[in-house]
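Here is what each chain is made of, one letter per residue.
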Amino acid sequence: MVLLQTTLTYDPFSLIFIILVAVAVIGLAVYLFTAINDQRNRNALTDAEVTALNTTTQVGANLAQATVNAINQQTVNMTNLVQAIVTSINTNTSLYQAQVQNDIYFKNTLLEYLGMQLVDRDIRQLMLNKNNQNPQSTSTK
């Protein structure tokens, strides 16, 4: 039987090649990990920006709605104020018309009374004048 003897030979170039390949694989792994992490950070920033934009848009919409509500409330307030002013003016006009009618009635009544006083005085004066001109006619009756 023959024994075959094999010897292990050491090849320095193959070891360097293995080390270079290992370094390249580790470097590629570090590069990919860093690139993936950077992409995640960019995505996180983008998500934060989108959230901020959505929040800003919502706040703007709420502000616009609040402004519209305030304008509507102010319109209602002004409408109520104008209605109250018109009602007050109508009431004052009605009171003034009633006062004028009362004044006219009072003056007409006063004129009628004074007119009757004048007529009575004139009649008395005429009667007195008639009696003075004809004093016997009143005594014979």
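Residues numbered from 1 in each chain as written. Predicted model: local features only at pLDDT ≥ 70, side-chain atom pairs only at ≥ 80, totals over all residues. Heavy atoms only, no water.

Visitor: Looking at this structure, how should I read the overall build of the chain?
Guide: Along its length, the chain carries two helices and zero strands. Counting every position in the chain, which comprises 141 residues, the buried fraction comes to 0%. For the chain, the exposed surface amounts to about 13,100 Å²; the carbon and sulfur share of it is 65%. (Helix = DSSP H or I, 4+ residues; strand = E, 2+ residues; numbered from the N terminus. Buried < 20%, exposed > 50% of the residue type's maximum accessible area, 1.4 Å probe, protein only. Areas by Shrake-Rupley, 256 points an atom, 1.4 Å probe, with all protein chains shown as cover.)

Visitor: So what exactly am I meant to see when it comes to a nonpolar patch on the surface here?
Guide: Together, Phe106, Leu110, Tyr113, Leu114 and Met116 line one region of the surface with nonpolar side chains, adding up to about 510 Å² of accessible area. Looking at the element boundaries, Tyr113 is found in helix α1 (residues 12–133). (Patch = residues over 30% accessible without salt bridge, like charges linked within 9 Å, V, L, I, M, F, W, Y side chains within 5 Å. Salt bridge = Lys/Arg side-chain N within 4 Å of Asp/Glu carboxyl O.)

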